[in-house]
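Observations on chain architecture
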Amino acid sequence: SAARVAHEMRSPLGHLRAGLDVARAAARPGECGPAQAERLAALREEVDEMIAIFGALLDVTLTEASAGDRSGLARVDLAHVVAEVVELYEAVAEDRGVRIQTRAAPVATLGEARLLTRLLANLVDNAVKFSTPGGTVEVSVERRGADAVLSVRDHGAGLPQGFAESAFDLFTRAPQAAATPGHGLGLALVRAIAVRHGFRLRLEDAAPGLRVVVSGPAEA
């Protein structure tokens, strides 16, 4: 399975990374020229990236595997989750000339706070990345009938026609994302977390931009 492959690969990659660190530290002054030092540093970065990919893949598969398991779930204040994530991304957004606008009603749901925070962080991260300078990212949470509804909307280019069908698949990236760092695992993890909680997930053409809507039962 993907989870087993990811788990089995993390240890040898970790050993490889440690070996590169030892090689850099063991080189006596003058033995390791600038070109070799640069190559060792580049190899270390490549290994770090591979470790991150396998770690994210393991997160996705383990989270999906816990679907339907009610243990570990507790009452989560979604307005608090929104406040935490927006505070985390405000500086990043400001650096890109993007403003984050929030509208968060006091709504709670039954869930795992750590995972719901990761879900929202991935959505906000994508929205900020694909916004143009001067744009706005809108984050909202509200109660609609018996549901808690969380949404993130950007004013970017949106998704290409027909891409919404596969947007949440592993290693899938929209054509316009080619120049943006990433591995196509962020939305896969969002879907896995939604599945774990029994939440519904949909993509909407916000014209302009994209709106991602997550909804599930609200708690009293």
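It should be noted that the structure appears before, not after, this text.
Cut-offs and rules
Residues numbered from 1 in each chain as written. Predicted model: local features only at pLDDT ≥ 70, side-chain atom pairs only at ≥ 80, totals over all residues. Heavy atoms only, no water. Helix = DSSP H or I, 4+ residues; strand = E, 2+ residues; numbered from the N terminus. Expected span 1.5 Å × (residues − 1). Buried < 20%, exposed > 50% of the residue type's maximum accessible area, 1.4 Å probe, protein only.

Moving on to helix α5 (residues 186-197). Between its first and last C-alpha atoms α5 spans 17 Å; for 12 residues at 1.5 Å apiece the expected length is 16 Å, and the two agree. The buried fraction of α5 is high, at nine of 12 residues. Along α5, the positions that sit buried rather than exposed are L187, A188, L189, V190, A192, I193, A194, R196 and H197. Note on α5: the residue one or two positions beyond its end, G198, has a positive phi of about 75 degrees.

Another aspect to go through is unusual backbone geometry. The residue after A207, namely P208, is reached through a cis peptide bond having omega 10 degrees. Inspection of the secondary structure assignment puts P208 in the loop between β6 (200-205) and β7 (210-219). A positive phi is found at A207, a non-glycine position, where the angle reads about 40 degrees. Along the chain, the position of A207 falls in the loop between β6 and β7. Taking the relative accessible area as the measure of exposure, A207 reaches 58% and is therefore exposed.

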